[in-house]
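Listed below are the residues making up each chain.
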Amino acid sequence: MIAVCSETSLSQTRPWHSPPIGFLGAAGLMIFLLLIPSAFPALEIWPSLIFIVALALFAPAYGLALGIFIAPFQQFASLNLDQFHLLQGVAWSFIAFRLLLLIQPRDLLRIRTSPTIIFFGAFTCLVLFRNAIPFTSRFYFLDAGFVVTIFLITMTVGTATRLPSYSWTLVSTAMLSAVLFSILFDFALVYIPLAELTPYQSALPPDKLRLAGLHANPNATSKFLLAAVSLTSALVVGRVFKEDRLRAWYAWLLLAVLLLALSATAAKSGIAALVVSLSIAACLLMGSAWTQRHSSVLSPNDQVMEVGKVFALFVFAVASWTIVIAPPIKERGAAAWLASGLPLDRPDLKELAGNRAGASEASATHPVTGGDSRPEGSRSSLTGAFIEEFRIGKSFQLKAGVAPGSSLESPLKSELQGQKATKRDCGIMCTGQRDLLWSAGLSILKQNWFWGLGYGGWKQALDQKLGYPFDSPHVGFLELAGEFGIMGAVLYLSFVAFIFNRAWRGLCLNGDGYRKAFIVGGSLFSVAILTTELFEPAKFFAMAPHAIWIWTFLAMQERMLDDPDWVSSVG
């Protein structure tokens, strides 16, 4: 008996016995498999897909984590956007049906008491039965397949008793490792730069050399970053490492890196979202102290102080990136891109390059005067630096037609032709055409307030109003209400109330440690995404790669709140 106990204790001390370490090995192998098509183009995504399928077949929790890990990928090595869409679609579908096999009949009883499953189940029904796309269209089956896949994953995570209790450690590790890999990838791609890291596209490098990661869209990348920032902030606010100063310093260092990366995306909605989520967390903590509903080793007032430290670090990170770090590395990176020989016609790069453009093509087509091509006074003050970096008040009115062979019914980006951009000088409120989108969206909602356009109807409606097929009016509530009418409005408002109630429950939860940090991190992330939906397309109720992160997070958070015994002690 003593020998057995000793062996058990010994096995628990071996790092490779830890599920997160095992997952990192699987993620490393996944990266290697994604590199294989660079040497053998005919293999495309198939080595990676076979690996995901095999892993999900024998270790469903690890398969789910790997599915989460690849969600931000839209460009890497020789693989392009379409290939990653195929990889993600097939992999997530298999993972969903493999996870479904973990459910036992008695587990289904939990569905009726699970708000997370009920909310996404309602959205699934609306997408299936109130869709603007004809049932006979192949694009309808893309919508249906995606929403059913995410629903099955959400339902399994929220109910299956046979889902391993260490799954939450795999999910959090997958999110953090995917974000860190994205940061390293994009830093090398954009700022060194190493253009060979990804198939060249006209959209690369990102505008103003913003950090875009593997997703190629800085605004979308900022939302993945918010998940990692939320988890790490919850760790430091709860002082999970209060007994280990070295780990505590590592956590703060990781948070600083993530906040710098968020600043580098220059995504205004993402930055505002973090400010709002931290402010709401501080208010709820003070409320829990006032109502004496908080039970924790660390008092609410102490945690409010920790939130203040996170906010101070965030302000420092934004200022450091904007004023100190961004100008020199962007100038060098822009000049290197212009000298790369790629067919670049990018005024933003020529502007950033300044003196370094020299006698290259950039200076020939966009002459540099006075040693700097930036507009006079653009960086002459702190205010000017922030305005330039975050593109405040910069707006263009876009016009375009749909290219032959493309369709507005597609849930993916439609191919366009004849694109024209007219510069607009209209102040901060029209940044990114938000004023046009909101006014057009309200007008369309007034005409379809009861029944809605149907899911996927925004493209055609906004194309008729604005001459450009935007897929959203860039307000979450307006998007859902416009698609499903009164039902969509009720669904969205109810969901907002649910998210804030969940945040209150999480912050008032008894105890400390990793479990509470995961729960609080989930609430910070949820509030942050809700905030982005004030200015950006919906993410909670939409067909986007973020869905597998958001809904897995919510389902696992609910499971940990309602069934504390399910959580293992794995750290």
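Residues numbered from 1 in each chain as written. Predicted model: local features only at pLDDT ≥ 70, side-chain atom pairs only at ≥ 80, totals over all residues. Heavy atoms only, no water.

Caption draft 1: Representation of a nonpolar patch on the surface in the model. Taken together, the side chains of Trp449, Phe450, Trp451, Ile486, Met487 and Val490 define a hydrophobic patch exposed on the protein surface, amounting to about 660 Å² of accessible area. With respect to the secondary-structure elements, Met487 resides in helix α18 (residues 476-507). (Patch = residues over 30% accessible without salt bridge, like charges linked within 9 Å, V, L, I, M, F, W, Y side chains within 5 Å. Areas by Shrake-Rupley, 256 points an atom, 1.4 Å probe, with all protein chains shown as cover. Salt bridge = Lys/Arg side-chain N within 4 Å of Asp/Glu carboxyl O. Helix = DSSP H or I, 4+ residues; strand = E, 2+ residues; numbered from the N terminus.)

Caption draft 2: Region of interest: the packing of aromatic side chains. Counting across every chain of the model gives 35 aromatic pairs. Judged by centre distance (5.8 Å) and plane angle (45°), the rings of Phe495 and Phe498 are tilted. Residue Phe495 and its partner Phe498 are located together in helix α18, separated by three residues, close to a single helical turn. On the basis of relative accessibility, which here comes to 0%, the residue Phe495 falls in the buried class. Since its relative accessible area comes to 11%, Phe498 is described here as buried. Here the aromatic rings of Phe541 and Trp551 are separated by 5.7 Å at their centres, their planes lie at 55°, and the arrangement is tilted. (Phe/Tyr/Trp six-rings, centres within 6.5 Å; stacked < 30°, edge-to-face > 60°. Buried < 20%, exposed > 50% of the residue type's maximum accessible area, 1.4 Å probe, protein only.)

Caption draft 3: The arrangement of the packing of helix α2 (residues 19-39) against helix α4 (residues 60-69) in detail. The interhelical angle for the contact between α2 and α4, taken along N-to-C directions, is 55°, at an axis separation of 10 Å. By the angle between their directions, the pair α2 and α4 is classed as oblique. Remark: the crossing between α2 and α4 carries right-handed chirality. Of the residues in α4, those touching α2 at Pro19, Gly22, Phe23, Ala26, Ala27, Met30 and Ile31 are Tyr62, Ala65, Leu66 and Phe69. The class makeup of the residues in the contact of α2 with α4 is 10 nonpolar, one polar and no charged. (Axes fitted to C-alpha atoms, helices over the stretch in contact; angles between N-to-C directions. Parallel < 35°, antiparallel > 145°, perpendicular 65-115°, else oblique. Left-handed = near helix turned anticlockwise from the far one by under 90°. Contact = heavy atoms within 4.5 Å. Nonpolar A, V, L, I, M, F, W, Y, C, P; charged D, E, K, R; others polar.)

Caption draft 4: Broad picture of helix α3 (residues 46-58). Here α3 spans 18 Å end to end across 13 residues, near enough to the 18 Å set by a 1.5 Å rise per residue. When α3 is considered as a whole, its buried residues turn out to be Pro47, Ser48, Leu49, Phe51, Ile52, Leu55 and Ala56. Where the residues of α3 are buried, they touch α2, α4 and α5 (81-100). (Expected span 1.5 Å × (residues − 1).)

Caption draft 5: The arrangement of the environment of Asp302 in detail. Considering the arrangement of structural elements, one finds Asp302 in helix α12 (residues 300-338). Sequence separation between Asp302 and Gly238 is 64 residues, and the spatial gap between their C-alpha atoms is 9.2 Å.

Caption draft 6: Up close: the environment of Leu49. Positionally, Leu49 belongs in helix α3. Here the alpha-carbon distance between Leu49 and Leu86, two residues 37 residues apart in the chain, equals 9.6 Å. Setting aside residues no more than four positions away along its own chain, Leu49 makes contact with Leu87, Val90 and Ala91.

Caption draft 7: Inspection of the nonpolar core at higher detail. With 154 residues, the main nonpolar core has Phe69, Phe123, Trp549 and Trp551 as its most contacted residues. With 13 residues, the single largest contributor to this core is α12. When residues no more than four places from it in sequence are discounted, the contact partners of Trp551 are Thr116, Phe119, Phe120, Ile150, Thr154, Phe495, Phe540 and Phe541. The next biggest cluster of nonpolar side chains, apart from the first, holds 11 residues, and it includes Leu436, Ala461, Leu466 and Phe470. (Core = buried A, V, L, I, M, F, W, Y, C linked by side-chain atoms within 4.5 Å.)

Caption draft 8: Seen up close, the confidence of the model for the protein chain. Of all residues in the protein chain, 83% have pLDDT values of 70 or greater, and the mean over the chain is 84. Low pLDDT, under 50, characterises residues 1-13; the stretch is placed with two contacts to residues that sit more than four places away or in other chains. Within the model, pLDDT remains below 50 along residues 359-379, and this stretch shows 34 contacts once partners closer than five positions in the same chain are excluded. (pLDDT = per-residue confidence, 0-100.)

Caption draft 9: Spatial organisation of unusual backbone geometry. The amide bond that connects Ile192 to the next residue, Pro193, takes the cis arrangement and shows omega of -15°. Summarising the element assignment, Pro193 is placed in the loop between α8 (167-191) and α9 (218-237). The phi dihedral of Lys208 is positive, around 60°, even though this residue is not glycine. Looking at the secondary structure, you find Lys208 in the loop between α8 and α9. Residue class for Lys208 comes out buried when judged on its relative accessible area of 16%.

Caption draft 10: How the structure looks around the pattern of salt bridges. Considering all chains together, one arrives at nine salt bridges under this definition. Between Asp207 and Arg210 there is a salt bridge, and its shortest N-O distance comes to 3.2 Å. On the basis of relative accessibility, which here comes to 4%, the residue Arg210 falls in the buried class. Of the charged contacts in the structure, one is a salt bridge between Arg239 and Glu306, with a shortest N-O distance of 2.8 Å. Here the residue Arg239 occupies a position in the loop between α9 and α10 (245-265), and Glu306 occupies one in helix α12, the gap between them amounting to 67 residues. Assessed through its relative accessible area of 3%, Glu306 is described here as buried.

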